[in-house]
Amino acid sequence: MTDTWTATTVAISPCGDAALRVTVDGADTDRVWAAVHRLAGWLNHGVIGPSVTAVPTYDAVLVEFDPYHTTGELIASHIRAWDTTAGEHEESAGAVLDVPVLFGGEAGPDLEWVAEVVGRPVPEVIDLVCVKEHLIRCLGGPAASAMMDGPDFDVPIPRLATPRLRVPPGAVSVAGRQAVIGPVAAPSGWRQIGRTPLDILRTDSHSGTGTHPDTDGHPDLDTVVPYRPGDRVRFLPIDEAGYADLLGAAMGPRHDG
């Protein structure tokens, strides 16, 4: 296999014996992100074959394949022929998820620290977190964490010098210009500002019932978490009583009307 293939707007490189890394290049980060996710959707719809799956990030796609059924060279030839502008102007609003959050205290041990870095009182920091819808850019580890655009702080938020060994499920954290919701307990170096009482990860027999409004057959996505890249999150502040009332309720998209 050739070490690297380069097209006008994408670069394709081997990633082990059964995967490719496809990086999209461009000056407009939003257009790059949109192209990455269109490419992943195109691949996951089986245009090359059922043995090919794609995992999108911000500016790249990991394309995994079964080497007994296809080759990296063949997949690369399909990707090179893919029209990077196809569907560029189609609207894809995604779903909106209303996520209640208990801010500060044990639920958000870094909230006051973040307020000091931002140079605003804690209530204003919470307002900045809750005032807008946060676009989910990709699903990260562990367990399909929702990686999204962060609040409009004046400065990026530094990570912890020493990551915590365990951050609880439902933690809402910020770092740099990003925010994340973690579905499971895991180590993290992000700054935890709050926690949602909602149950995110779906592991019971009732999962995968099509609660997402535009299910497209993406393998396993709707059976694991109730969101996908392109969806938006609106954080809603709650108090301890509200947290207790909602503890264990299922997270899901907003159903207007």
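What counts as what
Residues numbered from 1 in each chain as written. Predicted model: local features only at pLDDT ≥ 70, side-chain atom pairs only at ≥ 80, totals over all residues. Heavy atoms only, no water. Core = buried A, V, L, I, M, F, W, Y, C linked by side-chain atoms within 4.5 Å. Buried < 20%, exposed > 50% of the residue type's maximum accessible area, 1.4 Å probe, protein only. Helix = DSSP H or I, 4+ residues; strand = E, 2+ residues; numbered from the N terminus. Contact = heavy atoms within 4.5 Å. Pairing = 2+ DSSP bridges.

- Looking up the protein chain in an unreviewed UniProt entry gives the name Allophanate hydrolase subunit 1, with the organism given as Streptomyces malaysiensis subsp. samsunensis.

Focus: the nonpolar core
No. 1: The biggest cluster of nonpolar side chains holds 31 residues, and the ones touching the most others in it are Ile 181 and Phe 235.
No. 2: The set of elements that each furnish at least two residues to this core consists of strand 6 (96-103), helix 3 (111-118), helix 4 (122-130), strand 8 (145-149), strand 10 (171-175), strand 11 (178-181) and strand 14 (232-238).
No. 3: Other than its neighbours up to four places away in sequence, Phe 235 contacts Val 99, Val 101, Val 129, Cys 130, His 134, Met 148, Val 172 and Ile 181.

Regarding the pairing of strand 8
No. 1: Where burial is concerned, most of strand 8 is hidden: four out of the five residues are buried.
No. 2: Pairing of strand 7 (residues 134-140) with strand 8 involves four bridges; the strand directions are antiparallel. Each residue of the ladder has a partner; that of Cys 138, found in strand 8, is Met 147.

Describing unusual backbone geometry
No. 1: The omega angle of the peptide bond from Gly 141 to Pro 142 is -5°, so this bond is cis rather than trans.
No. 2: On the secondary structure map, Pro 142 appears in the loop between strand 7 and strand 8.
No. 3: Backbone geometry places Ala 143, a non-glycine residue, at a positive phi of 55°.
No. 4: We classify Ala 143 as partly exposed; its relative accessible area is 32%.
No. 5: Positive phi, close to 60°, is recorded for Ala 144, a residue that is not glycine.
No. 6: Of note, Ala 144 is situated in the loop between strand 7 and strand 8.
No. 7: Taking the relative accessible area as the measure of exposure, Ala 144 reaches 18% and is therefore buried.

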